[in-house]
Amino acid sequence: MLLRMSTLFLRTLREDPADAEVPSHKLLVRAGYVRRVAPGIYSWLPLGKIVLENVARVVREEMNRMGAQEVLFPALLPRDYYEATGRWTEYGDTLFRLKDRKGADYLLGPTHEELFTDMVKGEYSSYKDYPVTLYQIQTKYRDEARPRAGILRGREFLMKDSYSFDLDDDGLKRSYEQHREAYIRTFERLGIEVKICFATSGAMGGSASEEFLAPSPTGEDTFVACHNCGYAANAEAVTTPAPAARAGEREPLKVLDTPNTPTIETLVNHLNDAHGLGITAADTLKNVVVKVVTPGVKEPETLIIGVPGDREVDFKRLEASLAPGEPAIFEAADFARHPGLVRGYIGPQVLKELGIRYLVDPRVVDGTEWVTGANEPGKHAVHVVAGRDFTADGTIEAAEIRAGDACPVCGSGLSIDRGIEIGHIFQLGRKYADAAQLDALGPDGKPIRITMGSYGIGVSRAVAVLAEQRHDALGLSWPREVAPADVHIVATGKENQIEVATGLAEELEARGLRVLLDDRAGVSPGVKFKDSELLGLPTVLIVGRGLAQGVVELRDRATGSKDEIPLDEAASRVLTATG
């Protein structure tokens, strides 16, 4: 392949787009790889399309290597399949919904579990047919409330989704591990650094779930890691070690006047100064009221979350714990409808009487003693003991995670970082098989309910992740596996330099390399050099003023190294460099 920039459909930009916030968005637009059509919707230009296809090729090769078989489903899907699994309702506003001219409901597919399940049911019936793994690389659609960061979080995106179908749970575990290993190989080949983290399953359902997060300061996901035992988890999936229940006598509950204490800090200071309690914020019990909107349920539920007062409620963790329900802020009008809840002074002592569900942080175990609201304006209660003065309806992981928190596996301190979700694997179990009644006849003639796994890779997102992880102040720096070409030959355009560069390009193409040739006439060397740095091909060959002395310059984009080499060795040296 030989691409000539004199005819290539490409325009690079010197300024960042006004709406770009993260490096990948800025650089992919400036380098002419993508262009914005609408919020969360992008077109791919020739060089960007090549990179996208190269990523898809690596993904496809590794899926085929593990024995998966490729299919392709439509993106436009009828409502019936999603209605059967409840996801027509569960997905809420995230689904793109539409009607045909006859009024029938359709959607643009965000994932295709239902279709894969139905296809297997229609084709297979015997235990001898299993196991089987199918996959597709298909455009997906999600009506993101806040599309951002270019192609990192779009409303239309390219994704590989695969599904395993097994006769039993042991088979599912084997399929899951095969995918896990295939993903590790895939990301190694793509040159993407990933951290494998325990995760929640969300609307997908199922049990075991892991995310492949690409560490990046621009990532939307927070993950924790233990450098002692290797534990890693998305912050939404981190479990809090619960202390042992405490026994022994406690002082009786006591209500104290606490005027002018609108915050935890002012409350602690008042109780320590006025009553000599010697407490910290961690000894207080903060009660946060939310309303939970559950798909298919008409009225929202009032729910109170109890967390230690030195912690905030992390809404992403709360959302993950309540899925498919969606929590919303309890507003003044909501409090007006619940006069038993005294805003700013809520305590759990009366919640049973009020019929309000109460979930607490795992640290709130029986026998622990707290300072909390007294359910009266200007008053708080001290010596409030869990299990004696109140009983929670359960625990919930909703409190913020902090660096240094105890690892749930070994107890060492956790570190916190940010990352971009690039892959996710799930052991779905039988949720979708149950909905579709997907069975195989066993050797005894009795039906066996099939168990499934679901596995996704963001193909278009991987392009953005590479741009996030592999760039510098000058531009992009693609790994060779996905770069739009192996070598970028830059002819500075004086005397016979373009002619010589063209000869080298044709020779290298004949020897199997993908070549991008900057043969533009009338463009200054400075502009060409800047474009070569911005475009980010791994190897750059400069045919410039050194040609008069019979030398050209070979550059490595990633390391920045530069070598002057004899012209007659240029082709062989490039072949060696591109390995």
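Residues numbered from 1 in each chain as written. Predicted model: local features only at pLDDT ≥ 70, side-chain atom pairs only at ≥ 80, totals over all residues. Heavy atoms only, no water.

### Here's the deal with the overall build of the chain
In terms of helices and strands, the chain carries 15 helices and 30 strands. Reported as C-alpha extents along the three principal axes, the dimensions of the chain are approximately 95 × 70 × 50 Å. Pairs at least 24 apart in sequence give 69% of the contacts found in the chain among residues at least 6 apart. Within the structure as shown, the chain displays about 25900 Å² of accessible surface, and the carbon and sulfur contribution to it stands at 49%. In the chain, 68 positive and 85 negative side-chain charges are present, and the distance between their average locations comes to 3 Å. (Helix = DSSP H or I, 4+ residues; strand = E, 2+ residues; numbered from the N terminus. Contact = heavy atoms within 4.5 Å. Areas by Shrake-Rupley, 256 points an atom, 1.4 Å probe, with all protein chains shown as cover. Lys, Arg positive; Asp, Glu negative; His and termini not counted. Charge placed at Lys NZ, Arg CZ, Asp CG, Glu CD.)

### Let's talk about the pattern of salt bridges
Enumeration according to the criterion identifies 50 salt bridges in this entry. Residue Glu53 is joined to Lys49 by a salt bridge in which the shortest nitrogen-to-oxygen separation is 2.3 Å. Of the two residues, Glu53 and Lys49 are both situated in helix H2 (residues 46–65); the distance of 4 residues between them amounts to about one turn of the helix. Owing to a relative accessible area of 43%, Glu53 belongs among the partly exposed residues under this scheme. Lys316 serves as the salt-bridge partner of Glu236, at 3.9 Å between the closest nitrogen and oxygen. Pair noted here: Glu236 is in the loop between strand S13 (232–234) and strand S14 (254–257) and Lys316 is in helix H8 (residues 315–322), with a separation of 80 residues, a long-range link. Residues participating in the shared-partner salt-bridge network are Arg57, Glu61, Glu62, Arg65, Arg185, Arg189 and Glu481. (Salt bridge = Lys/Arg side-chain N within 4 Å of Asp/Glu carboxyl O. Buried < 20%, exposed > 50% of the residue type's maximum accessible area, 1.4 Å probe, protein only.)

### Describing the packing of aromatic side chains
Counted according to the given criterion, the structure contains 11 aromatic pairs. Geometrically, the ring pair formed by Tyr124 and Tyr130 is edge-to-face, given 5.6 Å between the ring centres and 80° between the ring planes. Residue classification places Tyr124 among the partly exposed residues on the basis of a relative accessible area of 28%. Among the aromatic residues, those joined into a cluster by ring pairs are Phe73, Phe116 and Tyr163. Looking at Arg97, its charged tip hangs above the ring of Trp88, at a distance of 4.5 Å from the centre. Over the ring of Phe529 we find Arg555, and its NZ or CZ is 5.1 Å from the ring centre. (Phe/Tyr/Trp six-rings, centres within 6.5 Å; stacked < 30°, edge-to-face > 60°. Lys NZ or Arg CZ within 6 Å of the ring centre and 35° of its normal.)

### So, the sheet that holds strand S26 (residues 487–491)
Here we have 6 strands laid out as an open sheet, ordered S1-S27-S26-S28-S29-S30, and mixed in their pairing. Each edge of the open sheet is held by one strand with a lone partner, namely strand S1 (2–4) and strand S30 (562–566). Averaged over neighbouring strand pairs, the angle between their axes works out to 20° when direction is ignored. Two elements, S1 and strand S27 (residues 515–518), share 3 bridges in a ladder whose sense is parallel. Paired with Leu2 across the strands is Val515, a residue of S27. Packing against the sheet, helix H14 (residues 525–535) makes contact with S26, S27, strand S28 (539–543) and strand S29 (551–556), and its axis sits at approximately 170° to S26. (Pairing = 2+ DSSP bridges. Axes fitted to C-alpha atoms, helices over the stretch in contact; angles between N-to-C directions.)

### Some words on the sheet that holds S14
Pairing within the open sheet is antiparallel, and its 3 strands lie in the order S14-S20-S19. Two strands close off the open sheet at either side, each with one partner strand: S14 and strand S19 (369–373). Neighbour to neighbour, the strand axes of the sheet diverge by 25° on average, direction disregarded. Inspection of the sheet shows S14 paired to strand S20 (residues 379–385) by 4 bridges, in the antiparallel sense. When the bridges of S20 are listed, Val255 appears paired with Ala381. Across the sheet, helix H7 (residues 264–275) is in contact with S14, S19 and S20; its angle to S14 comes to roughly 100°.

### Comments concerning the side chain of His383
For His383, the position within the fold is in strand S20. For His383, a relative accessible area of 14% corresponds to the buried category. One polar contact links His383 to Glu369, side chain to side chain, over a distance of 2.6 Å. (Polar contact = N/O pair within 3.5 Å; in protein donor to acceptor, adjacent residues only side chain to side chain.)

Geometric values such as these leave the question of function open.
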